[in-house]
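Next come the chains, spelled out residue by residue.
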Amino acid sequence: MSDIGKVRLRVPASIKAGDVIRVRCLVIHPMERIERDKAGKIIDKKYQYIDTVTVTYLGKTIATFDTTQSVSENPFFAFAVKATDPGKLTVSFHDTHGQKYEGSVDIAFS
Amino acid sequence: MRQGHDTGLTRRAALGALGTVGVAVSLGGVVTLGGAAPAAAQALGQNEPLEAALKRVFGGRPMKDGSGMIKLDIPLIAENGAVVPVGVEVNAPMTPQSYVKHIYIVADKNRIPIVTRVALTPASGQAYMGANIRLGETTDVRAIVEQSDGTLLALTREVKVTVGGCGG
Amino acid sequence: MRRRPMRWLAVLVLSAGCATAADRPSLPRWTSRAVPEARGDVRVEPDGRRVAVRYPGWTTRDFARFRTYAYDDTRPEPPVQRATMPAGVTGDPERGRALFLDRVKGPCTGCHLVPGDDVWPAGSVGPDLSTLADRKLADAYLYQQLWDPRVTFPKTVMPPWGAQGVFTPEEIVHLVAYLQTLRGPVVAEKDPDRNPFTRRKPVGFGDNLDPTNNPAVLRAESAETTWGRRGPTGKSCADCHAGGTEKSMRGVATRYPKYVEAYRRVMSIEDFLTVHGPETTGAPLLIESAANVDLAMLIKMASDGMPVVIDTTSAPARAALARGEATFHRRVGERNHACVDCHTPDRGAGKFLGGRLLGDATAGLTRHLPTWRTSLNDAWDMRKRFQWCMTPLGANMLAADSIEYAELELYLTQFDNGKPLNVPGIRH
């Protein structure tokens, strides 16, 4: 899909200081699976899939997903964050072809 | 009560709590990285049998029964093995002294059994992860939890994968 | 390497199933504005082989022998056939079981449960056959049921496998031999989910309107670009429809499909875009192109939560609705199936066809379309879903924007009247 790398992040509509919130994100990505030739042999190529997802909050890495080809195409990832201070939360996706995709959201208190 | 149904309720409840208005949405951008992927990540997803994967990653360390602490949300029947939502919640403290360091998802019969490893920190506030995973066929799925003191806990659940009826 | 002549010069393209004006003067002859793989064309190769033009990965088998939904296809249903078991063939239960489980053939297990841990996922549309032999039915009777059950049950949903040539007489003898081995008592299930009558129902794929759950929402949002893009005439959708889709299209989709006087036919949003786009912006919006599907989703999302209010009171709309209803009941294809067989509650709806729960058309199954297919990572509109249904039925598909499909969609949509639109959906 030409939308590769589009990212959506979702946090609760209302956050109070100190809340442990759950964040969901989705990235459009093919997460290429292993292909086999007619003889059933694995085709040796550099498959394009996301292998690292990094969650940064207030400039610090708070969670990292190491991912494999057993993760779905257009995957979502969810995690928890303790919202201690207002600030930026960023999720970056790195794939095996050296691409980096990113989405971020400002955590603000209501 | 059916576990499969639990999953739906839990996710819906979670989304409900998030609310439907004022949801923060952000657009992603594409940035090209200079280097290749980290070596550790490349090593994680290997085409190997389950036993080899467990030995490689956990080195034969003992695993405790995690049924008291781990909540594994995954449909018992997956209509479509290409997209199976999984959620893991661990009832354990997340303090600098003691926290859940890693949550692994392992699908026994997948060609690449190690699906993901999530590294958490006390700043997570709660040991929780969710993702969409692929299941090649009906298989046991394990949530393996590694605590900061090195303790390993595991919980297994079978997921049945149906293939198409007459196709669609 | 020898250069091959350009293929398109050497082939003849046959059009499958356009409504003709001949016997139905009220219907226009419709020229499809679909992407090439969605037109229902059949290509004739230089060697005479007929190859159906379909979507990538779909079967290219030409089902021309079998009845379709085209209004100009006046062939009757295949006649009911009586059959007697061939002499001199000894039934082999093992071969029969292999045939019963062969997913490329029947597949019998799509509808019937039989014993064995390797039977997965069996369906529940037809009766559980686990102890069929205890009924002591004659071989000749079972042979006839497999050949053409309409002899005994005129309204059965089971295809006439022998009469349609799916199984050979010899294969049916093996199947009968296998069925005659199925005796009680039934052993307790190791796995209750093996039995489709007690199997847990799938739970679905979560919140379809959550953009972090349904990639189709992102696809629809990308159609904002199409909406704002100026075409060859220098105009864009946004130039005439002010206020963005959210405002200008609010409520519009609740009235589709509808009879559009200007084109003298029923049209869905997707159909309408194929003509309205070129006429206004000058840019094509072929049905089943990503641009059409995505824009249709975006337009429909502007009506999410609003009740469907299709109007079928005009005379042409009433006539179209009646034709759509007739299509719903019309038996087509190699399997001689009708929509009604699988998608009404007194027949297949709510039951498992293999591992899939069959939808109930009378409960309304149109208001989430286009929907995200998690198994295919693509958004499908109703027409592609219809076309996909044709493949297991063994019927050549019609053009995605055919009048026949539009009127069938009209019939299906009236079951959703009063219920809120919920686009894009998310399914298996």
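Small disclaimer: the values here were computed from a predicted structure and weren't measured.

Chemist: Sorry, what's going on with the domain arrangement of chain C here?
Modeler: When the parts of a complex come together, some accessible area is lost, and that lost area is often used as the size of the interface. Residues and elements named next belong to chain C. Per the domain assignment, the segments of chain C are domain 1 (1-62 + 201-428) and domain 2 (93-194). Once you take the C-alpha centre of each, domain 1 and domain 2 turn out to be 35 Å apart. Taken residue by residue, the interface counts twelve residues in domain 1 and eleven residues in domain 2.

Chemist: Please clarify how the packing of helix α2 (residues 93-101) of chain C against helix α4 (residues 169-179) of chain C should be interpreted in this entry.
Modeler: Helix-helix packing is characterised by the crossing angle of the two axes and by the distance between the axes. Residues and elements named next belong to chain C. With their axes 7 Å apart at the nearest point, α2 and α4 run at an angle of 100° to one another. Comparing the axis directions of α2 and α4 gives the class roughly perpendicular. Of α4, the residues touching α2 (which contributes Pro93, Arg95, Gly96, Arg97, Leu99 and Phe100) are Glu171, His174, Leu175, Ala177 and Tyr178. Of the residues contributing to the contact of α2 with α4, the split by class is six nonpolar, two polar and three charged.

Chemist: Just checking my understanding: could you explain the sheet that holds strand β8 (residues 371-373) of chain C for this structure?
Modeler: The strands making up a sheet associate through hydrogen bonds between their backbones, and the pairing can be parallel or antiparallel. Residue and element names in this part refer to chain C. Spatially, three strands are ordered β9-β8-β10 in an open sheet, and the strand pairing comes out mixed. Strands at the two margins of the open sheet, each flanked by one partner only, are β9 (378-380) and β10 (425-427). Averaged over all adjacent pairs, the angle separating strand axes in this sheet is 35°, with direction ignored. Sheet topology note: the β8/β10 ladder contains three bridges and is parallel. Bridging across to β10, arginine 373 finds its partner in arginine 427.

Chemist: I keep staring at the pairing of strand β3 (residues 50-57) of chain A and nothing clicks. Help me out?
Modeler: Working note: regular strand, side chains alternate between the two faces of the sheet. Residue and element names in this part refer to chain A. One ladder, built from seven bridges, connects β3 with strand β6 (residues 87-95); its direction is antiparallel. When the bridges of β6 are listed, threonine 54 appears paired with serine 92. The pairing of β3 with strand β4 (residues 60-67) spans six bridges and is antiparallel. Bridging across to β4, threonine 56 finds its partner in threonine 61. The turn linking β3 back onto β4 is made up of two residues, and leucine 58 within it adopts a positive phi angle of 55°.

Chemist: Is there a simple way to think about unusual backbone geometry in this case?
Modeler: Most peptide bonds take the trans configuration, and most residues that are not glycine carry a negative phi. Residues and elements named next belong to chain C. Geometrically, the link from tryptophan 120 to proline 121 is a cis peptide bond, its omega value of -10° lying close to zero. Summarising the element assignment, proline 121 is placed in the loop between α2 and α3 (139-147). For the peptide bond that leads from valine 423 to proline 424, omega is -5°, which places it in the cis range. Along the polypeptide, proline 424 turns up in the loop between α13 (403-413) and β10. In this structure, arginine 264 is a non-glycine residue whose phi angle is positive, near 50°. Relative to the assigned elements, arginine 264 resides in the loop between β4 (258-260) and β5 (265-267).

Chemist: I'm lost on the sheet that holds strand β8 (residues 127-133) of chain B in this one. Help?
Modeler: Here six strands make up an open sheet; going across it, the order is β1(A)-β2(A)-β5(A)-β8(B)-β5(B)-β3(B) and the pairing antiparallel. The open sheet has two edge strands, β1 (7-10) of chain A together with β3 (70-73) of chain B, and neither has a second partner. For this sheet, the mean angle separating the axes of adjacent strands, direction not counted, is 15°. Looking at chain direction, strand β2 (residues 20-27) of chain A and strand β5 (residues 76-82) of chain A are connected through seven bridges and run antiparallel. Bridge pairing in β5 of chain A places arginine 22 of chain A opposite alanine 80 of chain A.

Conventions and cut-offs
Residues numbered from 1 in each chain as written. Chains lettered and ligands numbered in written order. Predicted model: local features only at pLDDT ≥ 70, side-chain atom pairs only at ≥ 80, totals over all residues. Domains from an automatic or database assignment. Contact = placed C-beta atoms within 7 Å. Axes fitted to C-alpha atoms, helices over the stretch in contact; angles between N-to-C directions. Helix = DSSP H or I, 4+ residues; strand = E, 2+ residues; numbered from the N terminus. Parallel < 35°, antiparallel > 145°, perpendicular 65-115°, else oblique. Nonpolar A, V, L, I, M, F, W, Y, C, P; charged D, E, K, R; others polar. Pairing = 2+ DSSP bridges.

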